[in-house]
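Analysis of the macromolecular model
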Amino acid sequence: MGKIVSIVNQKGGVGKTTSAVNLSAGIGMLDKKVLLVDVDPQGNTTSGYGINKSGLEKTSYQLLIGEATAKETVLHTKFKNVDIIPSSINLAAAEVDLIELEHREARLKMALAPVREEYDYIFIDCPPSLGLITINALVASDTVFVPIQCEYFALEGLSQLMASIRQIKRLYNPTVEIEGILLTMYDGRLNLTGQVVAEIKKYFSGKLYKTAIPRAVRLSEAPSYGQPIQYYDKRSKGAVAYNDLAEEFLKRNRR
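The notes below deal with the structure included here. (Residues numbered from 1 in each chain as written. Predicted model: local features only at pLDDT ≥ 70, side-chain atom pairs only at ≥ 80, totals over all residues. Heavy atoms only, no water.)

1. Regarding the overall build of the protein
- Counting its regular elements, the protein contains 12 helices and eight strands.
- Projected onto its principal axes, the C-alpha coordinates of the protein cover approximately 50 × 40 × 35 Å.
- Here the protein holds 255 residues, and the buried ones make up 55% of them.
- When contacts within the protein are restricted to residue pairs at least 6 apart in sequence, those whose partners lie at least 24 apart make up 78%.
- Approximately 11,800 Å² of the protein is accessible, and the part contributed by carbon and sulfur atoms is 51%. (Helix = DSSP H or I, 4+ residues; strand = E, 2+ residues; numbered from the N terminus. Buried < 20%, exposed > 50% of the residue type's maximum accessible area, 1.4 Å probe, protein only. Contact = heavy atoms within 4.5 Å. Areas by Shrake-Rupley, 256 points an atom, 1.4 Å probe, with all protein chains shown as cover.)

Right, here's the structure in full:
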C-alpha cells in the first residue's frame, strides 16, 4: 500500500512546491511509482510538470467535492514513474464548498483510498495555509514532510505547524507522524543558517534530513520550462541535491 506524505508549510516561498516537484521526480527515477496530488489552488506543481491548467476538466477540486474519482483525475506525465492529480484555480472555492459536505475533513482520504495500492508513494502538495484543504491532506497522510527556509521566522512557523499537527493527531488522525524536515535555500556561509540548523537539531534531531537544498538559479528556472530539475539540468547542484534527498528519503523508509 502506498505511503501518503503531505508536503506542508503554512509559510509561502519556502521551497514547498519545488520540493514536491523534484523529490517526486527523483523518487520516480529510482524506480518507485509516485502519485503527486496538487491541492494548492495556485497549481504551481501542476505547471512544474508542464501541464496546462486552463484546459483541465477534472482536477483535485472535483476530487475533493466528490464530482470525480481519483482514477478520473490522474494524469500520466512524461517523466519516469510520476503521475499527477492536477490543480486548478477552482480549488480556491473548495474551502467554502467543503464546509457544507459530510466528513469534510476526510474527503481526500476517502478519495485516494481506491488508488493507494497502485503507488509506492503518494505526495500531497498543500497550500501555504492551515485551512480545510490542508486539514484534508493531514487527515489522509501517514506522515508530514516539512521544507523550511534557513531563516529566523521559519522556526516560528515550524512551532505553529507542529501545534496544528498535534491537533489533527488528537482529533482526526492519531497515527500521523513527522516524516522529516528539509532545509531549503541553504547557504552554509551565513551565521544565521548555522543558528537555525542548531535550533532545529535541538528539538527535531532525528527528523532533520542530512541533505540540504542550496539556493540555485537553475531550480528557479526549471518550472518555467515545465520540467523537474533532474530533466531540465541533470548536472546542476539543485538536481544533485534533490537526487540525494530522494535516496535519503528511500533509505529512511527502508528501516
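2. A word on the nonpolar core
- By size, the foremost hydrophobic cluster in this structure holds 48 residues, and its most contacted members are L35, L108, L112 and I124.
- For L112, the contacting residues outside a window of four places in its chain are I4, L35, V37, L63, I85, I122 and I124.
- Residues A20, V21, Y121 and F145 belong to the second largest nonpolar core, which totals 32 residues. (Core = buried A, V, L, I, M, F, W, Y, C linked by side-chain atoms within 4.5 Å.)

3. What to know about helix 8 (residues 152-171)
- With 20 residues, helix 8 ought to run about 28 Å at 1.5 Å a step, and its terminal C-alpha atoms sit 30 Å apart, in line with that.
- The secondary structure elements touched by the buried residues of helix 8 are helix 7 (132-140), strand 6 (143-149), strand 7 (177-186) and helix 9 (191-204). (Expected span 1.5 Å × (residues − 1).)

4. Quick look at the sheet that holds strand 1 (residues 3-7)
- Strand order in the open sheet made by the eight strands is 3-4-2-5-1-6-7-8, with mixed pairing throughout. The sheet is open, and its two borders are formed by strand 3 (75-76) and strand 8 (208-214), each paired with just one other strand.
- Bridging between strand 6 and strand 7 involves seven bridges; their strand directions are parallel. The partner of T143 across the bridge, within strand 7, is E177. (Pairing = 2+ DSSP bridges.)

5. Some words on the pattern of salt bridges
- In this structure the tally under the stated criterion is 11 salt bridges.
- Across the pair E118 and K71 runs a salt bridge, and its minimum N-O distance is 2.8 Å. Residue E118 is located in the loop between helix 6 (107-112) and strand 5 (121-125), and its partner K71 is located in helix 4 (residues 70-73); the two are separated by 47 residues in the primary sequence.
- In this structure E118 comes out as partly exposed when scored by relative accessible area, which is 38%.
- The network of salt bridges with common partners includes K16, D40 and D125. (Salt bridge = Lys/Arg side-chain N within 4 Å of Asp/Glu carboxyl O.)

6. Comments concerning the pairing of strand 2 (residues 34-38)
- Within strand 2, five of the five residues are buried, which leaves it mostly tucked inside the rest of the structure.
- In this structure, strand 2 lies alongside strand 4 (residues 82-85), joined through four bridges in parallel fashion. Bridge pairing links V37 to I85 in strand 4.
- With five bridges connecting them, strand 2 and strand 5 associate as parallel partners. Bridged to V34 within strand 5 is Y121.

7. Remarks on the packing of helix 1 (residues 16-29) against helix 12 (residues 237-253)
- Close contact between helix 1 and helix 12 brings their axes to 8 Å; oriented N to C, the two are set at 70 degrees. Compared by their axis directions, helix 1 and helix 12 come out roughly perpendicular. The hand of the helix 1/helix 12 crossing is right-handed. Every residue of helix 12 that contacts helix 1 at T18, S19, N22, L23, G26, I27 and M29 is listed here: Y242, N243, L245, A246, F249 and L250.
- Considered class by class, the residues forming the contact of helix 1 with helix 12 number eight nonpolar, five polar and no charged. (Axes fitted to C-alpha atoms, helices over the stretch in contact; angles between N-to-C directions. Parallel < 35°, antiparallel > 145°, perpendicular 65-115°, else oblique. Left-handed = near helix turned anticlockwise from the far one by under 90°. Nonpolar A, V, L, I, M, F, W, Y, C, P; charged D, E, K, R; others polar.)

8. Overview of a nonpolar patch on the surface
- A cluster of nonpolar side chains, namely Y152, F153, L190 and L192, defines an oily patch on the protein surface of about 430 Å² accessible area.
- Counting through the fold element by element, L192 comes out in helix 9.
- Residue L192 is classed as partly exposed on the basis of its relative accessible area, which comes to 36%. (Patch = residues over 30% accessible without salt bridge, like charges linked within 9 Å, V, L, I, M, F, W, Y side chains within 5 Å.)

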